[in-house]
Amino acid sequence: AKFIKLSAETNILVLNFIKKKILDNLKNQKISITKSKILILGIAYKKNIDDIRESASVRLIKRLFKKGAKNKKSFSATYHYVHDAKTTQKRALAR
């Protein structure tokens, strides 16, 4: 149980680190997150698995949305969870 707890804490720290790196790089280049173009690859949790429910990438995308990033485009095989700030409803977008 302790190993699983440490693993979960590490995952949170890594997500925060990546988000901070993205935001710091945008700031250093004087690019607003609302006008930036960020490509995130590797959405699925594991190789050859379509299930993205436990994906750290999805959590990263959600955190970037909260900071003002916009969903401009998605690939046909990629699903992005979009949170409506006014409701807790989740929508899966696929194009």
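What counts, and at which threshold
Residues numbered from 1 in each chain as written. Predicted model: local features only at pLDDT ≥ 70, side-chain atom pairs only at ≥ 80, totals over all residues. Heavy atoms only, no water. Buried < 20%, exposed > 50% of the residue type's maximum accessible area, 1.4 Å probe, protein only. Helix = DSSP H or I, 4+ residues; strand = E, 2+ residues; numbered from the N terminus. Axes fitted to C-alpha atoms, helices over the stretch in contact; angles between N-to-C directions. Parallel < 35°, antiparallel > 145°, perpendicular 65-115°, else oblique. Left-handed = near helix turned anticlockwise from the far one by under 90°. Contact = heavy atoms within 4.5 Å. Nonpolar A, V, L, I, M, F, W, Y, C, P; charged D, E, K, R; others polar. Core = buried A, V, L, I, M, F, W, Y, C linked by side-chain atoms within 4.5 Å. pLDDT = per-residue confidence, 0-100. Polar contact = N/O pair within 3.5 Å; in protein donor to acceptor, adjacent residues only side chain to side chain.

As for helix α2 (residues 56–66)
- Residues Ser57, Val58, Leu60, Ile61, Lys62 and Leu64 constitute the buried set of α2.
- Positive phi shows up at Gly68, right after α2, with a value of about 120 degrees.

A short note on the packing of helix α1 (residues 2–28) against α2
- Taken N-terminus to C-terminus, the directions of α1 and α2 make an angle of 45 degrees; their axes are 10 Å apart at the nearest point. Between α1 and α2, the crossing angle belongs to the class labelled oblique. Considering how the two elements wind past one another, α1 and α2 form a crossing that is right-handed. Here α1 contributes Ile12, Leu15, Asn16, Ile18, Lys19 and Ile22 to the contact with α2, which in turn contributes Ala56, Arg59, Leu60, Arg63 and Leu64.
- Across the contact of α1 with α2, the residue classes tally to seven nonpolar, one polar and three charged.

Some details on the nonpolar core
- Of all hydrophobic cores here, the largest spans 12 residues; its members are Leu15, Ile22, Leu26, Ile33, Ile40, Ile43, Ile52, Val58, Leu60, Ile61, Leu64 and Ala69.
- When residues of this core are traced back to their parent elements, those giving at least two are α1 and α2.
- It is α2 that contributes the most residues to this core, four residues altogether.

Describing the confidence of the model for the protein chain
- Averaged over all residues, the pLDDT of the protein chain is 76; the fraction at 70 or higher stands at 74%.
- Least confident of the elements in the protein chain is strand β1 (residues 80–83), whose mean pLDDT is 42; most confident is α1, at 92.
- Low pLDDT (under 50) marks residues 76–95, which in the prediction has 38 contacts with non-local residues, meaning those over four places away or in another chain.

Things to note about the side chain of Ser36
- Within the element layout of this structure, Ser36 appears in the loop between α1 and α2.
- For Ser36, a relative accessible area of 10% translates into the label buried.
- In terms of polar contacts, Ser36 uses its side chain to reach the backbone carbonyl oxygen of Ile33, at 2.8 Å.
- Beyond its immediate stretch of four places on either side in the chain, Ser36 contacts Leu26 and Ile31.

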